[in-house]
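Listed here are the chains, written in short residue letters.
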Amino acid sequence: MGSDTSLQGRVVVVAGAGLAGLTAAYDLRRRGARVSVVEARDRVGGRVWTMREGFCGGQHAEAGGDLIDSDQEAIRQVAKDLDLPLSPILRGGFAFVRQGARAPRMEPVSTTGGTWAELAQVAEPWVRAYRLSDRRWDGPIARRLADCSVAEWLDDIAADGRLRARLNGLRGFFLADPEHLSLLALVDQLAMESPAADQSYRITGGNDRLATALAGTLQEPIQLKTIVRAIAQRRGQVRVTVCGQGGQGHMTADAVVLALPATMTRRIAFTPPLPALQQHAIRDLRY
């Protein structure tokens, strides 16, 4: 890819070494900026976490972000740029163990075709209303959907055991049981032209390789176990107060990128304060 020096000489601090922060740092570095990344944890990757201890023969397990879908073009392009091959997985779809009259049996649940078509038919009134609202997450339809779990919706429509079992089988797709999954998430998927990707992938050798490779492109080592305490803006510069293994210190930059969960952002003192709407949004988030 061609070089871009539009930010040559600019200094940027990135707070957070998850994929969002590392990708931001990677792009800023390619544009010529000098980038420093700080991370509160003792590792990079954030919600991407590959577990390697306790397995034989070089095996590993993904304890965080797992699937890369075929339509997630941005992350696939970054992996390609960093020469990280992708391995196709779940070629036969998801499956679940169903308790039968005689013995438990494995039942596959395809994430394309029949299963989605069946769900879309049952949920058609909500899907139609949601599409008419332009799939807006801030509209009245979305608010009603968000207030109802999939389990509650199944009770409302008196769903049979087969439909309930199929939605339980999609736990690996939604990463939540029906009791903890918002009906909005389900309807939003069903309202898409293609609700499920044709193919899913993982980074060959572990998804954490993506985070490690991104970190390896930076000019400076990432400062791990370093927490941002305060951010002050004055006269075109930003002063970042951090607390790390060497105690409290300060970093000066032209800009700061916060790639942190909102719950962590609450703990940062901003000068001047953030706009009222941002303060309200950060304060009221409950995840």
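Residues numbered from 1 in each chain as written. Predicted model: local features only at pLDDT ≥ 70, side-chain atom pairs only at ≥ 80, totals over all residues. Heavy atoms only, no water.

## A closer look at the overall build of the protein
Thinking step 1. If you tally the helices and strands in the protein, you get 12 helices and 14 strands.
Thinking step 2. The burial tally for the protein puts 36% of its 287 residues in the buried class.
Thinking step 3. Partitioning the contacts of the protein with sequence separation of at least 6, the portion at a separation of at least 24 is 62%.
Thinking step 4. Accessible surface, the protein as shown: approximately 17000 Å² in total, 50% of it carbon and sulfur. (Helix = DSSP H or I, 4+ residues; strand = E, 2+ residues; numbered from the N terminus. Buried < 20%, exposed > 50% of the residue type's maximum accessible area, 1.4 Å probe, protein only. Contact = heavy atoms within 4.5 Å. Areas by Shrake-Rupley, 256 points an atom, 1.4 Å probe, with all protein chains shown as cover.)

## Observations regarding the sheet that holds strand S9 (residues 200–203)
Sheet strands associate in pairs through backbone hydrogen bonding, adopting either a parallel or an antiparallel arrangement.
Thinking step 1. Taken together, the three strands give an open sheet; going across it, the order is S5-S9-S6, and neighbouring strands pair in antiparallel fashion. The outermost strands of the open sheet, each flanked by one partner alone, are strand S5 (68–69) and strand S6 (86–89).
Thinking step 2. As judged from the four bridges shared by S6 and S9, these two strands associate in the antiparallel manner. Residue Pro 88 lies in a different strand from S9, and its bridge partner there is Tyr 201. (Pairing = 2+ DSSP bridges.)

## Some thoughts on the pairing of strand S2 (residues 34–38)
Thinking step 1. Across the five residues that make up S2, a large majority, four, are buried.
Thinking step 2. Inspection of the sheet shows strand S1 (residues 11–15) paired to S2 by five bridges, in the parallel sense. Across the sheet, residue Ala 15 finds its bridge partner in S2, namely Val 38.
Thinking step 3. The handedness of the S1 to S2 crossover, carried by helix H1 (residues 19–30), is right-handed. (Right-handed = clockwise from strand over helix to strand, strands pointing away.)

## Some words on unusual backbone geometry
Thinking step 1. Here the amide bond leading from Thr 271 into Pro 272 is cis, since omega sits at -5°, within 30 degrees of zero.
Thinking step 2. Here Pro 272 is to be found in the loop between strand S14 (269–271) and helix H12 (276–284).
Thinking step 3. A positive phi angle, close to 60°, is found at Asp 134, a residue other than glycine.
Thinking step 4. Along the chain, Asp 134 falls in the loop between helix H4 (124–132) and helix H5 (140–146).
Thinking step 5. Judged by relative accessible area, Asp 134 falls into the exposed class, the value being 62%.
Thinking step 6. Despite not being glycine, Lys 225 shows a phi value in the positive range, around 50°.
Thinking step 7. Mapped onto the fold, Lys 225 is located in the loop between helix H10 (208–216) and strand S10 (227–234).
Thinking step 8. A relative accessible area of 44% means that Lys 225 is categorised as partly exposed.

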